[in-house]
Structure formats: structure tokens, C-alpha cells
Amino acid sequence: MTFRCWIITGFLFLIVFRPAPLWAADAQKLEKLVIGYPAPVASLGIVDVMRKAGLFRKYGLDVDLV
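S.K.: Please explain the environment of Val47 as it appears in this structure.
M.R.: Among the structural elements, Val47 can be located in helix α2 (residues 45–53). Each C-alpha atom, one on Val47 and one on Tyr37, is 9.7 Å from the other, the two residues being 10 residues apart in sequence.

S.K.: Help me out: how do you make sense of the pattern of salt bridges in this one?
M.R.: A pair can form between side chains of opposite charge whenever their charged atoms are brought close. The full count for this structure, using the stated rule, is three salt bridges. Here Asp48 makes a salt bridge to Lys52, at a shortest N to O gap of 3.4 Å. Here the residue Asp48 and the residue Lys52 both occupy positions in helix α2, the gap between them amounting to four residues, near one helical turn. Looking at Lys52, the relative accessible area reads 62%, which means it is exposed. Here Asp62 makes a salt bridge to Arg57, at a shortest N to O gap of 3.7 Å. Residue class for Arg57 comes out partly exposed when judged on its relative accessible area of 45%. Taken together, the shared-partner salt bridges connect Asp48, Arg51 and Lys52 into one network.

Scoring rules and cut-offs
Residues numbered from 1 in each chain as written. Predicted model: local features only at pLDDT ≥ 70, side-chain atom pairs only at ≥ 80, totals over all residues. Heavy atoms only, no water. Helix = DSSP H or I, 4+ residues; strand = E, 2+ residues; numbered from the N terminus. Salt bridge = Lys/Arg side-chain N within 4 Å of Asp/Glu carboxyl O. Buried < 20%, exposed > 50% of the residue type's maximum accessible area, 1.4 Å probe, protein only.

Without other data, these values stay purely geometric and don't point to any function.
As C-alpha cells, then:
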């Protein structure tokens, strides 16, 4: 391989295998969010399902369901 190929390969390797904290939501401070709903009804059940699945934390939100 030529020197140019080594440089390009190294650059692509760094892009593909960059450290996880650059894109992980856990590495950044979670934004506090309070969600209030009047009663546990089926139409708002998706909010609880999202909390149990951890989707709020995945996208950087610390949600408190009231």
C-alpha cells in the first residue's frame, strides 16, 4: 500500500470506530422534563411504554411522569 492509502484507511477507521461518548446520550447531562397526565388511559399509554423501554434516556431526557 502506498502512504496515501494508509492515511485514507486510518482516517476512515477513526470515523467508523470513534469513541462512544461522542454520540452516546449517557455521556451528556440529561435534560429534566416533567410530563403530567390526568389518568392512566390507553391513549397516553405510549408515554409509559417509552419510559419503561428507556427511550427517554436514550435521547438525553430525564423524564418524571406525574
